[in-house]
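# Architecture at a glance
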Amino acid sequence: MMGKHTLYLFYFLMINSLWTVGQDRFLSQEEVREDLSFLQKQLIKHHPNLYVYTQPHAFHEFFDSLIIPDSLSLPETYTLIASTHALIKDGHTLLFPSSQTLQINRNTGYFFPVQPFWDGNALYALHNYDPSSSISRGDKILSINGIPSHTLIDGLLKKMMRDGEGHQYSTWVLNTYFYEYYSYFYGCHKAYEVTVERKGKEVSLTLPGIRRAQLLEQIARASEPEETGITLDWELENQAALLTIKTWHSNILRKQYAQNFKKEIQSIMPFLAQKNIEHLIIDLRNNQGGDTQNSRLLLSYLLDEPFELVEGYQKMQNGKLVKCKGPQMGMHNPKSPVFQGKVYVLTNGGSFSNTGIFCSVLKKYNRALFIGEETGGSEFVISGAAKNIRLPYSGLTLAIPRLQFLIKENKLIS
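Let us look at the structure shown here. Everything quoted here is computed from the prediction, not taken from an experiment. (Residues numbered from 1 in each chain as written. Predicted model: local features only at pLDDT ≥ 70, side-chain atom pairs only at ≥ 80, totals over all residues. Heavy atoms only, no water.)

## Section: the packing of aromatic side chains
In the structure shown here, the tally under the stated rule is 21 aromatic pairs. Consider the rings of Phe178 and Tyr182, whose centres lie 5.6 Å apart with planes at 35°: the pair is tilted. One end of the pair, Phe178, and the other, Tyr182, are both in helix H7 (residues 168-186), 4 residues apart, so they sit about a helical turn from each other. Comparing Phe178 with Tyr182 shows no difference in burial state: the two are buried. (Phe/Tyr/Trp six-rings, centres within 6.5 Å; stacked < 30°, edge-to-face > 60°. Helix = DSSP H or I, 4+ residues; strand = E, 2+ residues; numbered from the N terminus. Buried < 20%, exposed > 50% of the residue type's maximum accessible area, 1.4 Å probe, protein only.)

Here is the structure:
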């Protein structure tokens, strides 16, 4: 199932004039209106979660009320259309710039060289990926290119995908991939004017932009090497074990870590029984999802009664939501040896998609204590099986989910 984001998101503030070559094409009001009309029709036809958080009349009023200038640049068009994320509130609905814009940015663009961190109140410099720049870890970032940080972050979060009203996932994505998302709304620049607060004083800095390839290389160097996607640590004295699962994706586990989820779990669970482990901590922070058969397998070793992973599925057909078949339907039986001890689950805003399903099932059966932030996705309903549509004039691409996962009874779903 869904999950690994190389993702991209959005904000409708003023756009700087220093856009990369090739992004200066303008669309007429009529062209933008045609793109919006096409998008609206595609959402109504295909999106199964379209009216989970927004009533149909509010959805139509939103499109009718959009004010479109006589002409818009591609970035301005992108930021305008990105406002639909706050309307749909679905974490698997993703808007991408045109392929031309992405290619230009990645090949010739200069990205913001700092990974900032938004703690909910202020923006701080976390990592500096260009040794020649003068920003330091811990500097409080007050503004970037003249835009106050509060205004910048508030605007970005309002334009980003989320499941429901929460911003846990949006904030996690922004903190992880700020350089990418900033480029979608504000472009790539050879230099960035930044104001920071350092030791109680405001300091103005000019940071050189960094090429994407060099940036990704620096990010990889600064990150701790990840040798395994599934890791088990244990302490026999306290009869406790820590099971870390970075992803539910079988392909990623196989290609990146040379691991097989089924084999790993089938080895780990008997080991826990053999060592009389009484406390199992499952770390799912930053796990953005993956294959549902893998979460079902682990649940079968944690629950001592038959369980449902997903209660049902629906899709749009002839303008209505209808029941349909989907992966992991029906009741699933426990597997031996079922873990009999206490279960604790660590989560954060990056715990998304299939991780949300896994956590929701544990909560449904009152089987775990959850520690950390709320997961990025809803515990009741999510979407998946997305297909891309390309808007005819702007070339923007939107991933529209086609399948609704009913995790458990939800009063929001009629």
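Now, onward.
## So, the side chain of Gln404
Tracing the chain through its elements places Gln404 in strand E24 (residues 403-406). Residue classification places Gln404 among the buried residues on the basis of a relative accessible area of 0%. A distance of 3.0 Å separates a polar side-chain atom of Gln404 from the backbone oxygen of Pro48. Within the local environment of Gln404, its side chain forms a polar contact with the side chain of Gln314, the two groups lying 2.7 Å apart. (Polar contact = N/O pair within 3.5 Å; in protein donor to acceptor, adjacent residues only side chain to side chain.)

## Some remarks on the layout of surface pockets
Quantified by volume, the second largest pocket comes out at close to 420 Å³. Looking at the second largest pocket, it is lined by 26 residues, and the ones nearest its centre are Glu374, Thr375, Gly377, Ser378 and Glu379. Of all the secondary structure elements, the ones that give two or more residues to the lining of the second largest pocket are H7, helix H12 (354-364) and strand E20 (369-372). A breakdown of the residues in the lining of the second largest pocket according to their chemical character gives 7 nonpolar, 12 polar and 7 charged. (1 Å grid on protein atoms, 1.4 Å probe; cavity = no way out; pocket = protein on both sides within 12 Å on 5 of 7 lines; lining within 4 Å. Points joined across faces, edges and corners; volume = space filled by probe spheres on them. Nonpolar A, V, L, I, M, F, W, Y, C, P; charged D, E, K, R; others polar.)

## Description of the side chain of Ser378
Of note, Ser378 is situated in the loop between E20 and strand E21 (381-384). At a separation of 3.0 Å, a polar atom in the side chain of Ser378 contacts the main-chain amide nitrogen of Phe380. Not counting residues within four places of it along the chain, the set of residues in contact with Ser378 comprises Tyr53, Asp163 and Ile407. (Contact = heavy atoms within 4.5 Å.)

## Focus on helix H8 (residues 212-222)
All buried positions along H8 are accounted for by Arg212, Leu215, Gln218 and Ile219. Down the axis of H8, the buried side of the element spans an arc of 125°, and every buried residue falls inside it. Along H8, the residues that are exposed and aim more than 90 degrees away from the buried face are Ala213, Ala220 and Arg221. Looking at the buried side of H8, the elements it contacts are helix H5 (99-108), strand E4 (110-111), H7 and strand E11 (210-211). (Arc of directions from axis to C-beta.)

## Concerning the pattern of salt bridges
Pairing is possible between side chains that carry opposite charge, provided their charged atoms lie close to one another. All chains considered together, the criterion is met by 10 salt bridges. The closest approach of N and O atoms between Glu217 and Arg221, which form a salt bridge, is 2.8 Å. You can see Glu217 and its partner Arg221 sitting in helix H8, 4 residues apart, about one turn around the helix. On the basis of relative accessible area, Arg221 is assigned to the exposed category, the value being 60%. Between Asp283 and Arg285 there is a salt bridge, and its shortest N-O distance comes to 2.8 Å. Given the relative accessible area of 9%, Asp283 is considered buried. One network of salt bridges, in which partners are shared, links Glu308, Glu311 and Lys364. (Salt bridge = Lys/Arg side-chain N within 4 Å of Asp/Glu carboxyl O.)

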